[in-house]
Amino acid sequence: FDFKHLLTYKKLRIISGLSVNHIREEDERIGWIFDGIADSINTDFTITNSAVYGQLEYELHNINFKLGTRYDMNLIKYLGKGWKFDWGTEAYNISINNSEEKEDNGLSLGFSVLNKLTNNSNLYFNVYKGYKPAGINQSNDSLLIVKNLREYASETNASIEYGVKFNNGNIS
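None of these values were measured; they are calculated from a predicted model. (Residues numbered from 1 in each chain as written. Predicted model: local features only at pLDDT ≥ 70, side-chain atom pairs only at ≥ 80, totals over all residues. Heavy atoms only, no water.)

Engineer: What is the right way to look at the overall build of the chain in this model?
Structural biologist: Secondary structure summary: the chain contains 1 helix and 9 strands in total. Listing the helices and strands of the chain from first to last along the sequence gives β-β-β-β-β-β-β-α-β-β. Within the chain, contacts between residues at least 6 apart in sequence are counted, and of these 57% link residues at least 24 apart. (Helix = DSSP H or I, 4+ residues; strand = E, 2+ residues; numbered from the N terminus. Contact = heavy atoms within 4.5 Å.)

Pasting the structure below:
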């Protein structure tokens, strides 16, 4: 669900919200997997993302200011099962079971200024710090992917952007 609230007072807009998403992903594969190391893989990911966010917007003459933030809370539960061929006994008798849980939280921030020069052109300046949550790669056991490679860390990205935008309907 996504609950969003908007409050407007003259030229000031305040947006706040809460978002909760629950995703379940199941995958089943049979055959030559991981270069023959596994013969079947059944995985189950349960991903829960909760976030609170807010944004302030203010207009002063032809200049628009925006300041926003978002705090994400992520939980991933992983269950992997499958079979490996045992060349010693020539049978599919090595069962693989694996489960992991990973929790990660992060903050995103943004600030932008847009100066409307004409109906067709703008000057803009943006500063952002983004966040991508950590996670778990799909695999069957620690023999297939070393544990420190199976999990990946969260990522952040900082950017500064400025420029001129022009749009006359045909050219942009």
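Engineer: Which parts of the structure should I look at to understand the side chain of Ser-112?
Structural biologist: Position of Ser-112 among the secondary structure elements: in strand β5 (residues 91–116). Given a relative accessible area of 12%, Ser-112 falls into the buried group. Apart from the residues within four sequence positions on either side, Ser-112 is in contact with Asn-64, Phe-65, Lys-66, Phe-125, Asn-126 and Tyr-128. (Buried < 20%, exposed > 50% of the residue type's maximum accessible area, 1.4 Å probe, protein only.)

Engineer: For this particular structure, what's the right way to read the pattern of salt bridges?
Structural biologist: A side chain with one charge can pair with a side chain of the opposite charge if their charged atoms come near. On inspection of all chains with the given rule, the structure shows 5 salt bridges. Residue Glu-26 is joined to Arg-24 by a salt bridge in which the shortest nitrogen-to-oxygen separation is 3.4 Å. A single burial state applies to Glu-26 and to Arg-24, both of which are exposed. For Asp-44, the salt bridge is made with Arg-24, and the minimal N-O distance between the two is 2.5 Å. With Asp-44 in strand β3 (residues 38–60) and Arg-24 in strand β2 (residues 12–33), this pair connects stretches of sequence that are 20 residues apart. Residue classification places Asp-44 among the buried residues on the basis of a relative accessible area of 16%. Overlapping salt bridges, with partners in common, bring together Arg-24, Glu-26 and Asp-44 in one network. (Salt bridge = Lys/Arg side-chain N within 4 Å of Asp/Glu carboxyl O.)

Engineer: What am I meant to see in unusual backbone geometry here?
Structural biologist: Where the residue is not glycine, phi is negative for most of them; where a peptide bond is considered, it is trans in most cases. At Lys-10, a residue that is not glycine, the phi angle is positive and equals roughly 55 degrees. Relative to the assigned elements, Lys-10 resides in the loop between β1 (2–9) and β2. One non-glycine residue with positive phi stands out, namely His-61, at about 60 degrees. Looking at where His-61 falls in the secondary structure, it is placed in the loop between β3 and β4 (63–86). By relative accessible area, which is 64% here, His-61 ends up exposed.

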